[in-house]
Structure formats: structure tokens, C-alpha cells
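One letter stands for each residue in the lines below.
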2 protein chains.
Amino acid sequence: MGSLAVHSKKHKVCVVGSGNWGTTIAKVVAENTKEHSDIFEAEVQMWVFEEEYQIPKDSKHYNDETSHPRKLTDLINSLHENPKYLPNIPLPKNVVANPDVVDAVKDATILVFNLPHQFIGKTCEQLKGKIVPYARGISCIKGLAVSDKGCELFSESIGQKLGIYCGALSGANIATEVAQEKFSETTVAYDPPAMDSQHPTPQGTPHGSHTDLTKLEGEAKGLTGKKMKRTALPSEYPPLHHKNVKMLFHRPYFHVSLVSDVAGVSLGGALKNIVAIAAGFVDGLGWGDNAKAAVMRVGIMEEVKFGKMFFGDSVQTRTFTEESCGVADLITSCSGGRNFRCAKMAVAEGKSIGEIEQRELNGQSLQGTGTAYEVNDFLKKEGKEQEFPLFTAVHSILEGKKKPEDIPHLIDPNRGEE
Amino acid sequence: MGSLAVHSKKHKVCVVGSGNWGTTIAKVVAENTKEHSDIFEAEVQMWVFEEEYQIPKDSKHYNDETSHPRKLTDLINSLHENPKYLPNIPLPKNVVANPDVVDAVKDATILVFNLPHQFIGKTCEQLKGKIVPYARGISCIKGLAVSDKGCELFSESIGQKLGIYCGALSGANIATEVAQEKFSETTVAYDPPAMDSQHPTPQGTPHGSHTDLTKLEGEAKGLTGKKMKRTALPSEYPPLHHKNVKMLFHRPYFHVSLVSDVAGVSLGGALKNIVAIAAGFVDGLGWGDNAKAAVMRVGIMEEVKFGKMFFGDSVQTRTFTEESCGVADLITSCSGGRNFRCAKMAVAEGKSIGEIEQRELNGQSLQGTGTAYEVNDFLKKEGKEQEFPLFTAVHSILEGKKKPEDIPHLIDPNRGEE
């Protein structure tokens, strides 16, 4: 630890977002900033979209003072709990709720984004020019923005909009379980710009990290080829290599693996929902666990192919096959996740998935069906539908053009040869 | 297909074994030999350990002729069904049950071994010198022989004992489901001796195959370094490259992937049982699907490490992370398999796994506990217990020295650093 003494400044962390998952990550991060006080300021700012909240009468927090609606930030800061989005989980006192996003990010060198994806644009608009230029982001937002123009990762859009480097965190995690300190793992993708590494990367860094000389120039190619501006982290700060980033997230109940593949980490969390629908279809037919496992295996391999085809060489197979963000997240989603359950019910009951959504989700749509349609639009445009037989099968079944029973034939690699 | 016309002989297949899984594989193989009559003789011999069998009164096969015990081979050959081990599944008429193992293997160039592992030694003893010297084997026997001397794969012991090359078949398969033609996948490892490949390997061969010049010398190093004798396949026969081996097993309901990594394919099917016990422990604690998925992920990575450490460079990570024999088989075992279920019950009910075995399995032992002990003995002897923290944790919990709650700490890669 001796060499760290040369750094006169410590990293200041802000969690941008305070829902169920945002508050959980703030708790995780705040436990670590307190423990690793040589690298991080203990205080963690958490931006809260301000609202009035009424503590329910049966809550242990209900009393004279809370008998009327109060500001959520005041409640969080006095109760050290987020009573609306993460009730009954005590938060470390160094989590500070702040309703002013610009004030919350002031001087923060590490911005952890954890808010619903539809708010990314507006929030980044507010933050633009208000953050330190050498800040680094980590996006915990699952999903993918697929449009006519292509696929965009949320980490990438955040990085673009703010002119900073932005990594990603994704894994087999359910916020409430992590908050309750039930064991799970996650994956953090962070490919630190070489200019941050004033010190050699310590031994034991998983997977190594790229050293891309273009980053020294102050900008680097984004994953989809766009240029991303980056400003070097001043040498007053401890370097943000994998070991230090890991210290911010790793807990005894929340094991973190660091990788460099931001696209792979982000894609796993989005594409798994299509695979979970396929697994649900097959399970709904009563074909047993092996058929389901086969569909899952094929699904992982299509995720890998999608990543490599559209996000280039930085995407690594092992991100999908060996990391929590890939195989483990898929396993969880195909065990009890919504997409899996609804697809299974649809087949078992001979109903359309739309009917099941209506009944089980009050008409809300499944994420998996949305992603299946978006990804199919994209694949069609690229002329690559045939190269993703499972993704395409799910779309065709949703469209009523194929049946779940057709899946083995549709994904049979021998199909073309016979 | 034109080039195949030069081969005056066809491959003759014998399935050595006729239990639940053996009969199922005979069905699969016989469907294919009939379909690919340019490469294979249609008739598939199936060696049956002869016994007297009485058709039950409520069977559709019960009649005057079957009202008394009859020879199992006669029943199979007249009913075209194995009434004892695979009832109600019609077998193709080209499956011929044979009680004489030496007669069954006569002139067979492909021997598919599918019998309980305790009979391997005795059966090979009978077959020695009675098979054609250029025969090739495929072992469908899951498990691993771990002893003081080391770990031995069943495919390897068969190959050694008979002086032939022997590959392996393993995947997420339950015999009855495959027999019912419910969809599943499997993996066949076959690293064809270069001398078999009179023809260039056709395009599309998965993962390629090794070309080891030592094989041309008539012998090659076994996986654990032993020399294995091999005799070249006469050029009258179609070559046994991946494409032709695949044709013997691939069905519309049974998708086959061909690889070269025999050790990896065999290990996955054995080591998964230890991982399933760990997953059961964690699930029994009520920690949720993410904790279970994390343990499974760590388990796969320990399987890879075990393979590479003790079976050398031929072992490939992707055999475990991308193939049915690895990740898919593990997923299935951790869904509803015996090892998983019993371990989960033990923790949830606060009982020892021995008590659960007594109650649920009539005192039979779980395969996973046996494998956990055997693997631990081996790791201890090699001084490598610490490098396999999950395998070691399972053993310590079985021994009562650790608790399931300790698993996250025991497998925390940061444990040593703090």
C-alpha cells in the first residue's frame, strides 16, 4: 500500500439513480468506500429523483414526524433507508441522498449510473459540462438500444453524451437479494484508458487489460467505432485500474470479476431475455430439463456470435461463457424469470404470449418480447437472420409463423446439409 | 458422395451394453445406420447380458407365449423392444440383441460402449484379441476412475485394455427422454488418428481435429501420457472423420457436436456431480437463484482447471463452457438431478446428506458424494486442494468441518489478499 501515499486526492463516488437497484449499489459502494479509505472518500452521493413519499402506517418508521408525506431525500437521510424503493434495508450512513443531480456529481471522479434507461438522455443533458472532465462512468443499466441506426450500449451512449469513459456492471443479480446480502456474483467491464495507469497494473488483474496507445491521445474509438473523448486522470488520484475498481464493488456477499469487454458484459444482460423465452417455450412443451439446457447452450453461443459480429474484436467468448454477466445471468433468467415463466405458461396453456402478459403482468410487456422484435428488425436489416436461428425462431414463434415444436429443426446445424 | 464409392466395405457397429442408456443409443445408432447405408451396415449388434425376464401381466406384450420367463435377447428380438430396461419404446428392426459378446463384436469396426462402469474390466478381458485390430471405440459411460494412482477416464481404460482408439460421448441426456425423442444435445469427442483420414477432413468439421504425426507410427500418447496402440483403418472402409462419426449419432431430436477433447467431454459428466451438490447446499439455504448460478459458474471454472491441470493441453476450456457435455449437463444436474435435490433437502431440513440418502435412495449413495471424496483424496495427494476451493468446500461440508453458509467465503478469490 506504500506507493498509494503519493496520491493527495481520493476518488469521490456518486451513484446516479436511487431505485431498487440504484439504492442497493449505493449500499455496496458505500460499504467499500468506508473500508478502503486510502483510495475513496467515504461519502457516497446518491442522486434521488425527488418526490413526496408517505410512510405506510404499518411501517416501523411511522410516527408523528412521518405521518404526513415527506421528501424522499429527507427520509433517506434521516432513516438511513430508502423506504420507497428498498424498504427494510439499512443503508450505511455515508450514503447521502441528494435531489440535485448537478450538486450530487460535483467533484465526483466515479459516476455509477443506475437509473431507468429512458432517463439516460435527459440526465446526461443536465450533467453535460457539470462533471469533472476526467470522471469515469460505470453503467449498471441492463438492456440495449436497438434502432434503425444499429445497436447501442447504454454505457456507450452515456460515455458519448458526457465525453467520458464509461464501463459496465452486469451479472446474475436481483437487487433485493444483493441488498439482503444473499450471495451472488457480478461482472464489471472496465477497460481503463492507458493514461490512467500511472502505475503498473498489479498482479492478479483478471484477463489483463488492453493498452491502446490511441487512448493516450485523449480519445479512443468507441465500441461501434465512434470516437470517445477522454481526459487523463490527474496523477493526484490513485489509478483506476482493475484492482481499484474491483475494491469499489467487491463484497463478501457480492463477488466481482473485472474484465475489459464492455460490449460483452452489456449484451449478455439484454440478449438473455430472448433465450429465456425460447427456454420457456421448450419447457412449456414438457420436453424436460435437457431440452431446456440445450436451448440455453445454443442461446449463449448466439449471444457470442451477435457480440463478435456487431461489436468487433473487443468482444470475447469467455465474457458470455465464463462470467456472471453471461452464463450465470442466463441460468437465473431461465429458472424463474418473468420471460421464461410467461413463455412457458403460454405454451403449456395453448395461449398467445400476449394473453399471458395481459393476465400476469397487467398488460405490461415482457422485456424479452421487445428485445426479440428489436433484435430481429436489426438482423433483418443486416441480412443476418439465418445466422441466428434461435433468435429468429423466437421471433417467428411470437409472430405465429412457427411453432415451439419447430425449434429443434430450426436450430439443427445439419439442416442445410441434408 | 461420389468419392465414397471407392470404399468396398462399410462400417459395422456393435453397441456393447443394453441397459436403459445402452438400448437408447442402439436405437439412435440403428436409425442412422439405416439412413446412411453408404457408410454403415444397417444391422447394429447389441450385446445383452443374458437373463430370464418375465413380462408383467399388465404389459401389452403379455400373452400365452410370454406368460413364463423368457430370455431377454429373445424378447428384444421378437418384440423389437427392450421390455426390461426400455419398455414401451419401439426399437428399429435392425437392432439385433446378442447374448454372446464375442459374437456381437465380430467384424465390428465401431464399438459403442454403454454398460455400467464396474463391468468394463471383465468385458474388455473377454473382448481382448476378439475384435478387429482397427476397431474404434466410443464410450458413453459417465464417470471417472479415481484411485491412488491418479484419475483415469473410462474411454482411456477401454482403449488401453483393447489396444484401440476410444473416444467418448457425453451430454445433457436422460436415456428415457432421448428414447422418447424429446429434444436434447450431446457431445462426441473423437480425435481420429491421422492414419484414418485417407480423405481430407470435409469442411465444416467442428473445432478441427488434431493431426498428430506420432499416430502414423501406430501408437499415440494416451491422455495421461500412456502409449496407446492403434492400427490403421484399412482403406476399404470410409474414413472415420468427424463428419462420418457425427452421422452415426446425430438425429433430428438428438443434436451432436463433434470435438477432439476426449478428457474434457468425460470429465464434465463426472465432476458436475460435485458442483450439483454445492448448488443444492446453497439453494437449501434459500439464497435464491443467483447464488445457485454463481456456484454453478465457479464449478464450471473448477472443472476446466481440473482438466487442464491433470489431463494436459488437449483439454480445452470450451468443452466445458460451450458444449452440451459441460455447461448444459451441469445445468440439468443442478435443476432436478438427484445430487442437487438431496443436498438441498439436507440443508433445508437440517439433516446430514447420509440421512437423506437413506430416506430418498433406500440407502444407496449419491454419485456426487462418492466423486467429491475421490476427487478430494486425489487433490490432497497432489497438494492442490487450495486451488479447487469449491470442490474442497463440498468435501469439507460433507465431512462436517464447514457449513454451507461458508461457501461464499471459501470461494472468494479475494480471500487470500485481505
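Note that the structure is a prediction, hence the values are computed from the model and not measured.

Draft legend 1. Geometry of the pairing of strand E2 (residues 40-47) of chain B. Residues and elements named next belong to chain B. Both strand E1 (residues 11-16) and E2 contribute to a ladder of five bridges, which runs parallel. Of the residues in E2, the one forming a bridge with Val13 is Val44. Crossover E1 to E2 through helix H1 (residues 20-35) is right-handed.

Draft legend 2. Molecular detail of the interface of chain B and chain A. Across the boundary between the two partners, chain B contributes 43 residues, which contact 43 residues of chain A. Of the roughly 3,600 Å² buried at the junction of chain B and chain A (both faces included), carbon and sulfur atoms supply 57%. A per-residue breakdown of the area chain B buries against chain A is headed by Phe183, Asn290 and Arg297 of chain B, which together make up 20% of the total. Taken together, chain B and chain A are joined by two salt bridges. Of the charged contacts, one joins Glu185 of chain B and Arg297 of chain A as a salt bridge, the two residues approaching to 2.5 Å between their closest N and O atoms. Taken together, the connections running from chain B to chain A amount to 18 residue pairs in polar contact (both at pLDDT 80 or more). Breaking the side of chain B that touches chain A down by element, the ones donating at least two residues are strand E11 (184-189), helix H7 (242-249), helix H9 (289-311), helix H10 (317-321) and helix H11 (324-336) of chain B. Per-element accounting of the side of chain B that touches chain A gives the leading share, 10 residues, to H9 of chain B. Tallied by class, the residues present in the side of chain B that touches chain A amount to 18 nonpolar, 14 polar and 11 charged.

Draft legend 3. Focus on the relation of the copies chain B and chain A. Mapping chain B onto chain A leaves a residual RMSD of 0.0 Å; the transformation is a rotation of 180° accompanied by 0.0 Å of translation along its axis. Both chain copies can therefore be described as sitting about a two-fold axis. Identified as the residue of chain B closest to the rotation axis by C-alpha distance is Thr321 of chain B, at 2.8 Å. When the interface residues of chain B are mapped onto chain A, 100% of them again lie at the interface, so the same face is used by both copies.

Draft legend 4. The arrangement of helix H12 (residues 338-349) of chain A in detail. All names here are of chain A. Taking 1.5 Å as the rise per residue, H12 with 12 residues should run 16 Å; its terminal C-alpha atoms sit 16 Å apart, in good agreement. For H12, every residue scored as buried is listed here: Asn339, Phe340, Cys342, Ala343, Met345, Ala346 and Val347. Looking at the packing, one finds that the buried side of H12 touches helix H8 (262-284), helix H9 (289-311), helix H11 (324-336), helix H13 (353-360) and helix H14 (367-382). At the exit of H12 stands Gly350, carrying a positive phi of roughly 65°.

Calculation notes
Residues numbered from 1 in each chain as written. Chains lettered and ligands numbered in written order. Predicted model: local features only at pLDDT ≥ 70, side-chain atom pairs only at ≥ 80, totals over all residues. Heavy atoms only, no water. Pairing = 2+ DSSP bridges. Helix = DSSP H or I, 4+ residues; strand = E, 2+ residues; numbered from the N terminus. Right-handed = clockwise from strand over helix to strand, strands pointing away. Contact = heavy atoms within 4.5 Å. Buried area = accessible area lost by both parts, 1.4 Å probe. Salt bridge = Lys/Arg side-chain N within 4 Å of Asp/Glu carboxyl O. Polar contact = N/O pair within 3.5 Å; in protein donor to acceptor, adjacent residues only side chain to side chain. Nonpolar A, V, L, I, M, F, W, Y, C, P; charged D, E, K, R; others polar. Least-squares fit on C-alpha atoms with pLDDT ≥ 70 in both. Expected span 1.5 Å × (residues − 1). Buried < 20%, exposed > 50% of the residue type's maximum accessible area, 1.4 Å probe, protein only.

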